[in-house]
Amino acid sequence: MIPGMVFAIGLTFLLTLVARNRGVSAVLLLVALGGLLAVMLRVPIWISPLADVLGVLMAGFPSDILPSLGTPDVFVQRLAILLIGCSMIVLAAAVHPRKDDGAPSRRGMIGAAGVVIGILALGWVVQLRVGLLDDLERWRTVHEAHAAEPGPDVRSIRGTVDVDPGTRIGLDLELAYVPVADVPNGPARFTWNPGLEIESIRDSSGGEVAFTHEDGLLEIGAPPAVGADGEVRLRMVATGSPDSDFAYLDAEIHPFEVGAWDAQIFLLGFESSVFESRFVGLMPGISWLPTSGAMPVGEAARDRVTDFFRLDLTVQVPDDWTAVVAGTRSEGEGGGQRFAPGVPVPPVALFASEFERRAVEIDGVVVEALLHRKHAGAYEVFGESSDEIAT
C-alpha cells in the first residue's frame, strides 16, 4: 500500500502545482486515478502492472508452509510505482514557485528521469508476462504438430531421482518402451519438461543415442536396438529445475489472459507445480518424467489414451524429509526412499517435505496421511478417538 500512497501523494502535489487551481487539480486527480483503475479492471492481467498502482493484482497466495514476500517481478513493480511517486514529488518541487536559490531545472531532470526509469521497470514486468505467453504459444504450436501421432508404449521407468529442493533435481533413469507399430523405424517422441537439461541418452549396449530436446519435445532419432521382448531400453540422465509453466497446453485460457473482472480464476489455483526449498510438489502435468508422445493439444487431448507403465524409483531427499510418489515406501539404496508399485501406473506426481506420518491398517489396507510438521499438531486432538475413527 505504501507505494500506492506515495504515488497518489506525488500525483496530487504535481497536479496542484501545475494547475494552480484547487478545483481543477481535484478534478484532474480524480480523472487520473479513476482512469488508472478503469484501465486496470479492463485490460488483460498480463498488462495490468502498468496501471496497478495499489498492487491488487500483483498479490500472491502465501501459506504458513511457504511464506513469501513476493516474487522478483512483484518487488520490481512495487518499487517502480514508489519511484514514480517520489519522482512526481521532485517534479512538483521543481515547478513550485520558490524564491530561494534552488535549481528547478536540475530537480526537473531528476524527477523526469525517475519517472522514465519507473515506466521502463513496469515495462520490464509486462515483458516478462509477454514472454511467458509467447513460450506457451510456442510450446503449444510445437506439440500440436505431433499431438495426433501415436507415441511409443512406455513399459517401465526405473532409476533414481536426486532432489535438491528449490534448486535442481537430477534424474538417472532407465526407460523401456515399445516402438510405434506402424512406424517401428521412425523417431520416438516423448514429452519431457524443457527446464531439464538432458546430459546423455544411451542404449542397452552403452552407445550414445542421437536425440533432440527442444520446447519440451524429446525426439529419439535413429531407432536403437530392439530387445528380444520387443522393448527398447534407454538410460537417460538429466538435471535441472522443472519449468512449472510447461503444463496443460490444451487449456482454453491462461489466467494472465483474463481481465480483472474474471480474476477469481486465480482462486482456483494456477501453479502447475511447486519447487521450493521448503516444499516440493511436481505434478504429472509438467512431465517431470518423460511421457509418451507429444503433449496432447486440441482434438488429441480428448482422444489420447493414458499410458500405464511399471515404476521403480528411488528418491533422494534431504534428511528428515519424506517423499511421496506412488506405491508403498521402502528403503532404497544409498538411504533413499524407494517406490515400486506392484501394478502399472499412469504418470505420477512427486511430493516431498518435512512430513509427519499418520497411518492405520484397516482390513489389510494401510491408510496413510502425511502431514506437514506445521500442521500435524492440529490433528492431535483426534488422538483419543483414533480407535473409533479406524472402525
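Provided above is the structure to which this section pertains.
Residues numbered from 1 in each chain as written. Predicted model: local features only at pLDDT ≥ 70, side-chain atom pairs only at ≥ 80, totals over all residues. Heavy atoms only, no water.

K.L.:
Can you help me understand the overall build of the chain in this one?
P.N.:
Within the chain one finds seven helices and 17 strands. Once the C-alpha set of the chain is aligned to its principal axes, its extents read approximately 95 × 60 × 35 Å. Within the span of the chain, comprising 391 residues, buried residues form 39% of the whole. When the accessible surface of the chain is split by element, carbon and sulfur atoms take 59% of a total near 21,300 Å². Of the side-chain charges in the chain, 28 are positive and 50 negative, and the distance between the mean point of each set is 11 Å. (Helix = DSSP H or I, 4+ residues; strand = E, 2+ residues; numbered from the N terminus. Buried < 20%, exposed > 50% of the residue type's maximum accessible area, 1.4 Å probe, protein only. Areas by Shrake-Rupley, 256 points an atom, 1.4 Å probe, with all protein chains shown as cover. Lys, Arg positive; Asp, Glu negative; His and termini not counted. Charge placed at Lys NZ, Arg CZ, Asp CG, Glu CD.)

K.L.:
It is not clear to me how the packing of helix H3 (residues 72-95) against helix H4 (residues 104-144) should be interpreted in this structure. Could you clarify?
P.N.:
Interhelical geometry of H3 versus H4 gives an angle of 160 degrees and a closest axis separation of 8 Å. One element, H3, and the other, H4, form an angle in the roughly antiparallel class. Two packed elements cross with a definite hand, and for H3 against H4 that hand is left-handed. Of the residues assigned to the contact of H3 with H4, the class counts are 21 nonpolar, six polar and three charged. (Axes fitted to C-alpha atoms, helices over the stretch in contact; angles between N-to-C directions. Parallel < 35°, antiparallel > 145°, perpendicular 65-115°, else oblique. Left-handed = near helix turned anticlockwise from the far one by under 90°. Nonpolar A, V, L, I, M, F, W, Y, C, P; charged D, E, K, R; others polar.)

K.L.:
Any chance you could explain the sheet that holds strand S4 (residues 196-203) here in plain terms?
P.N.:
Where strands meet in a sheet, backbone hydrogen bonds hold them as pairs that are either parallel or antiparallel. The mixed open sheet is built from seven strands, whose spatial order is S4-S7-S2-S1-S11-S14-S13. Either end of the sheet is taken by a strand with one partner, and the two such strands are S4 and strand S13 (329-331). With direction set aside, neighbouring strand axes in the sheet form an average angle of 20 degrees. (Pairing = 2+ DSSP bridges.)

K.L.:
For this particular structure, what's the right way to read the sheet that holds strand S10 (residues 291-292)?
P.N.:
Spatially, four strands are ordered S5-S6-S3-S10 in an open sheet, and the strand pairing comes out antiparallel. The open sheet has two free edges, formed respectively by strand S5 (211-214) and S10, since each of these has just one partner strand. When strand S3 (residues 188-191) meets S10, the two strands line up antiparallel, connected through two bridges. For Thr191, the partnering residue across the bridge sits in S10 and is Thr291.

K.L.:
I would appreciate a short explanation of the layout of surface pockets in the present structure.
P.N.:
In this approach, a probe sized like a water molecule rolls over the atoms, and the result shows the empty space that is left. Of the voids in this model, the second largest pocket is the one considered here, and its volume is about 710 Å³. Considering the residues around the second largest pocket, the lining is formed by 30 residues, among which Thr291, Ser292, Pro296, Arg304 and Val305 are closest to the centre. Only strand S1 (153-164), S10 and helix H5 (299-303) provide two or more residues apiece to the lining of the second largest pocket. With three residues, H5 is the largest single contributor of residues to the lining of the second largest pocket. Among the residues making up the lining of the second largest pocket, the classes are represented as 17 nonpolar, seven polar and six charged. (1 Å grid on protein atoms, 1.4 Å probe; cavity = no way out; pocket = protein on both sides within 12 Å on 5 of 7 lines; lining within 4 Å. Points joined across faces, edges and corners; volume = space filled by probe spheres on them.)

K.L.:
Is there a simple way to think about the pairing of S1 in this case?
P.N.:
The side chains of a regular strand alternate, first on one face of the sheet and then on the other. Sheet topology note: the S1/strand S2 (residues 168-178) ladder contains eleven bridges and is antiparallel. What sits directly across from Val161, in S2, is Leu171. The hairpin turn running from S1 into S2, its antiparallel successor, is three residues long, and Gly166 in that turn takes a positive phi close to 80 degrees.

K.L.:
Before we go on, may I ask you to explain the environment of Gln127 in this structure?
P.N.:
Turning to its location among the elements, Gln127 is positioned in helix H4. Taking relative accessible area as the criterion, Gln127 reaches 48% and is therefore assigned partly exposed. Between the alpha carbons of Gln127 and Ile47 there is a distance of 8.7 Å; along the sequence they are 80 residues apart.

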